[in-house]
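# Architecture at a glance
Chain by chain, the residues run as shown.
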Amino acid sequence: MEKASILIVEDEAILADGMKKTLKKLGYAVVGIASTADGAIRQAGDRKPDLVLMDIELRGKVDGIKAAQEIRRQFDIPVVFTTAHGDKQTLQRAKVTEPYGYIIKPVEERELHCNIEIALFRHKTEAEILKKKKLEAFSTFAEGIAHDFNNLLNIVNGYIEVAMKRCEIDEKICAPLLKKARENLFTAGDLSKKFLNIFKGNPLIRKNIKFSTTIKKGINKVSVPENLDISYDLDHSIKRISINGDEDLLEEMFSNILLNGVEAMTEKKKGTIKITVEDITLGSDNNFHMQKGKYVKVSIRDEGKGIPENNLGRVFDPYFSTKDNPTKKGLGLGLTTCYSIVKNHSGHIEIKSEEGKETTVDIYLPASP
């Protein structure tokens, strides 16, 4: 489990050093120390900590409250104030920045630990709630679109039936073409039903499935160019792991993620998409707010152009796409669908990316007993 990373903003060197030692003792990673507002904003942007501990009185013209405001606005990083000022006016100004905590100095270890844990939990929960609300709003919209789409398909199918009857005279030319058109209509109808099943949260068709087999089937669905390789190693212990889930949906999820990786690497002369699988145990204090127990973690890493930092928080939003070429722009539903499938399986999905270098998608799914 990765340590939560924290940026300390404190202009008293002795206090900053003491806080750093305390945080390391509590099991956190300190990614930097800043003594000015400008330095705090710059380091927050460069190092992307999970949380900022912010002193209010800082060197320079700009104080910690304004710095916190900018950090929240630009990077959506939670801020906990650590200050000697508990007066009403300062508190009122600080409240506007929507801080995740307010600790009066001298800072006690236990109080610091509690504030940090609550802040990290609250921020993660709020992000999940926001994603859920977006997905719910979209599913309502999608239901209406799919309903109208199916009506149009039925009308077109009716016309095709009439045309097939009337073209019996010249059956060799007309019939095969109309038959092909009808087959595509049925395919579109199936896609529409599948789409609704995912976003409306209809019951999954669950069964115990061999996880390694599901991954291989997902890989086989993707057309991989000759210049790219897919590397994976499923050792003996992984081959025995089972998951109680919907095999078709899980295959679709893996193929969607792999397709994104392939498309991200289209401009490369050579490259590898690496898939690693491991069985892990999550405790009740895990960062994903999931039930404790045994999970399968799948990591899919591509060597593509990466995702800009300011877009990472939006990749699961419906119709959001990072593709530059309009001719290759899809519906922008691939990762939204993946997110929905994982959540319906009581799992977790997250994306890490380094622009210009690589992107890794981590998926956690509950393993069968």
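Bear in mind the structure is a predicted one, so any value in this text is a computation, not a measurement.

Analysis parameters
Residues numbered from 1 in each chain as written. Predicted model: local features only at pLDDT ≥ 70, side-chain atom pairs only at ≥ 80, totals over all residues. Heavy atoms only, no water. Helix = DSSP H or I, 4+ residues; strand = E, 2+ residues; numbered from the N terminus. Buried < 20%, exposed > 50% of the residue type's maximum accessible area, 1.4 Å probe, protein only. Contact = heavy atoms within 4.5 Å. Areas by Shrake-Rupley, 256 points an atom, 1.4 Å probe, with all protein chains shown as cover. Expected span 1.5 Å × (residues − 1). Pairing = 2+ DSSP bridges. Axes fitted to C-alpha atoms, helices over the stretch in contact; angles between N-to-C directions.

For the rest of this paragraph, the subject is the overall build of the protein chain. Scanning the protein chain from terminus to terminus reveals 10 helices and 12 strands. For the protein chain, the residues scored as buried account for 43% of the 369 residues in total. Within the protein chain, residue pairs in contact and separated by at least 24 positions form 68% of the contacts whose partners lie at least 6 positions apart. Only carbon and sulfur atoms are counted for the fraction: they give 52% of the accessible area of the protein chain, which is about 21200 Å².

We now examine the environment of Leu53. Position of Leu53 among the secondary structure elements: in strand 3 (residues 51-54). In this structure the C-alpha to C-alpha distance between Leu53 and Glu10, which are 43 residues apart in sequence, comes to 8.2 Å. When sequence neighbours within four positions are dropped, the list of residues in contact with Leu53 reads Ile6, Leu7, Ile8, Val9, Met19, Leu23, Val80, Thr82, Leu112 and Ile116.

Moving on, we come to helix 1 (residues 13-25). Along its 13 residues, helix 1 runs 18 Å from first to last C-alpha, staying within 8% of the 18 Å computed at 1.5 Å per residue. Looking one or two places after helix 1, you find Gly27, whose phi comes out positive at around 95°.

Within the open sheet, the five strands sit side by side as 2-1-3-4-5. Their pairing is parallel. Strand pairing shows two members of the sheet lacking a second neighbour, strand 2 (29-34) and strand 5 (101-104), which therefore form its edges. Averaged over all adjacent pairs, the angle separating strand axes in this sheet is 20°, with direction ignored. Pairing analysis gives three bridges linking strand 3 to strand 4 (residues 79-83), with the strands arranged parallel. Following the sheet pairing, Met54 is matched in strand 4 by Phe81. Strands strand 3 and strand 4 of the sheet are contacted by helix 3 (residues 64-75), whose axis makes an angle of about 170° with strand 4.

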